[in-house]
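Structural features, examined
For reference, the chains in residue letters:
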Amino acid sequence: MGIREDIRTAFDKDPAARSAIEVICCYPGLHAIWAHRIAHAFYRRRLYFPARLVSHIARALTGIEIHPGAKIGRRVFIDHGSGVVIGETAEVGDDVLIYMGVVLGGTALEQTKRHPTIEDGVVIGSGASVLGPITVGRGAKIGAGSVVVHPVPAGATVVGVPGRLAGPKCRKGQERLDRGDLPDPMLRVVSRMLDRQNRIEERLRAMERSGLVGGKRQEEIALEESIRSALKEVIDPEVGIDVVDLGLIKGITVQDSSVLVEMVLTTATCPLVDYLTDRVRRRVLDVSGVRDVEIRVFDEPWDWDRFFGQRDVLR
Ligand SMILES: CC(C)(COP(=O)(O)OP(=O)(O)OC[C@H]1O[C@@H](n2cnc3c(N)ncnc32)[C@H](O)[C@@H]1OP(=O)(O)O)[C@@H](O)C(=O)NCCC(=O)NCCS
Ligand SMILES: CC(=O)OC[C@H](N)C(=O)O
């Protein structure tokens, strides 16, 4: 980390940069980062007032407000910068490019992790707001003017309000044909049967809860319920709906503290496959009482019937 590296970064990231002296004297983004390093050093020593004062003076000079608590990586470049606000618990990785008017904001009123984590190599366009303790994956791009409130997978491009995935689309079904890898009809039949079984189990669970039938152990039913509600926090960023309501979860089987989650994906061939299965795995493991989890993904096209079908089941 050093001033030379910062100047090189300005040349790498801004085609308008002409000379080192210009970069040193006329780049508010660099001034803000330099001031932040001082403010953050105070903050880490719990010298909160001097930390805040440095950040405040830098804000007055640059128009960029970085809370002293924010963690900022190396070679982060804030171009132009006016109106940029970076919150206290935000974490910004290395080689991130931030344009003017970007807000890395919080959505909670509690003193918890409430600002985003921006991984290495992300680009955030002017005026974009990234809100809440979400992660924007490595190398992702956030379009100018977007409002992003859901996690963004690595390498994805998100645009609009609310933020939606853009860029090269995974055309449903088509890529499979391109690969000469036709959908397996047997698998589809099995998958449909699992859906049906899932619906029957849902009804059975309701009956068990109401004491109409015995059977599954109460703890397993309770754990299954907790897992289902935990999975409602896993949002498919392509459509902004959680995986349960979307009908991506075909079944949850609990045996003691081992869990099997059977799921389908809206698109089988895009980068979201790893992202979503990873989120589902982590969220299930977070549920108290779960020791291990297996995720089984069915290679089967998803359609909106699943979403509406799922809503019928839940009604
Ligand atoms: C999002 C961005 C990074 C481009 O990423 P990309 O992966 O190259 O995406 P593309 O240009 O292929 O665009 C993908 C789609 O998103 C749309 N799109 C791009 N930027 C958008 C934006 N900011 N808002 C809404 N839609 C946008 C495109 O029209 C395209 O739509 P289509 O697929 O229907 O044609 C770029 O558009 C952007 O916003 N960069 C920020 C630059 C900036 O802030 N400059 C200001 C300097 S002060
Ligand atoms: C205003 C703007 O587009 O800035 C981006 C960059 N500094 C450039 O000059 O291209």
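What comes next concerns the included structure. (Residues numbered from 1 in each chain as written. Chains lettered and ligands numbered in written order. Predicted model: local features only at pLDDT ≥ 70, side-chain atom pairs only at ≥ 80, totals over all residues. Heavy atoms only, no water.)

**Points about the packing of aromatic side chains**
Each pair of aromatic rings is reported with the distance of its centres and the angle of its planes. Here the structure, examined in full by the defined rule, presents two aromatic pairs. Centroid distance Tyr43 to Tyr48: 5.1 Å. Interplanar angle 70 degrees. Geometry classified as edge-to-face. Sitting over the ring of Phe298, Lys250 keeps its end group 5.6 Å from the ring centre. (Phe/Tyr/Trp six-rings, centres within 6.5 Å; stacked < 30°, edge-to-face > 60°. Lys NZ or Arg CZ within 6 Å of the ring centre and 35° of its normal.)

**Some points on the site of ligand 1**
Around ligand 1 lies a shell of twelve residues, among which Gly125, Ser126, Gly143, Ala144 and Thr157 are the nearest. Between Ala144 and ligand 1, the recorded distance is 2.8 Å, taken from a backbone N or O atom to an oxygen atom. In isolation ligand 1 exposes 910 Å². Once the protein is present, 47% of that is buried. When the residues that make up the shell around ligand 1 are grouped by side-chain class, the tally is four nonpolar, six polar and two charged. (Near = heavy atom within 4 Å. Polar contact = N/O pair within 3.5 Å; in protein donor to acceptor, adjacent residues only side chain to side chain. Areas by Shrake-Rupley, 256 points an atom, 1.4 Å probe, with all protein chains shown as cover. Nonpolar A, V, L, I, M, F, W, Y, C, P; charged D, E, K, R; others polar.)

**Concerning the site of ligand 2**
Lining the immediate environment of ligand 2, one finds Asp14, Pro15, Ala16, Asp79, His80 and Tyr99. Residue Asp14 places a side-chain N or O atom 2.7 Å away from a nitrogen atom belonging to ligand 2. A distance of 2.7 Å is found between a nitrogen atom of ligand 2 and a side-chain nitrogen or oxygen belonging to Asp79. Relative to its unbound accessible surface of 290 Å², ligand 2 loses 50% to contact with the protein.

**Considering helix H1 (residues 3-13)**
Of all the residues in H1, the buried ones are Glu5, Asp6, Ile7, Thr9 and Ala10. Among the structural elements, helix H2 (20-26), helix H3 (28-44) and strand S3 (77-78) are those in contact with the buried residues of H1. (Buried < 20%, exposed > 50% of the residue type's maximum accessible area, 1.4 Å probe, protein only. Helix = DSSP H or I, 4+ residues; strand = E, 2+ residues; numbered from the N terminus. Contact = heavy atoms within 4.5 Å.)

**Concerning helix H7 (residues 218-231)**
Relative to the 20 Å expected for 14 residues at 1.5 Å per residue, H7 spans 20 Å between its end C-alpha atoms, a close match to the ideal helical length. Turning to H7, its buried residues number three or more, namely Glu220, Ile221, Leu223, Glu224, Ile227, Arg228, Ala230 and Leu231. (Expected span 1.5 Å × (residues − 1).)

**Regarding the environment of Ala222**
Mapped onto the elements, Ala222 comes out in helix H7. In sequence terms Ala222 and Val254 are 32 residues apart; their C-alpha atoms lie 9.9 Å from each other.

Just geometry here; none of it tells us what the structure is for.
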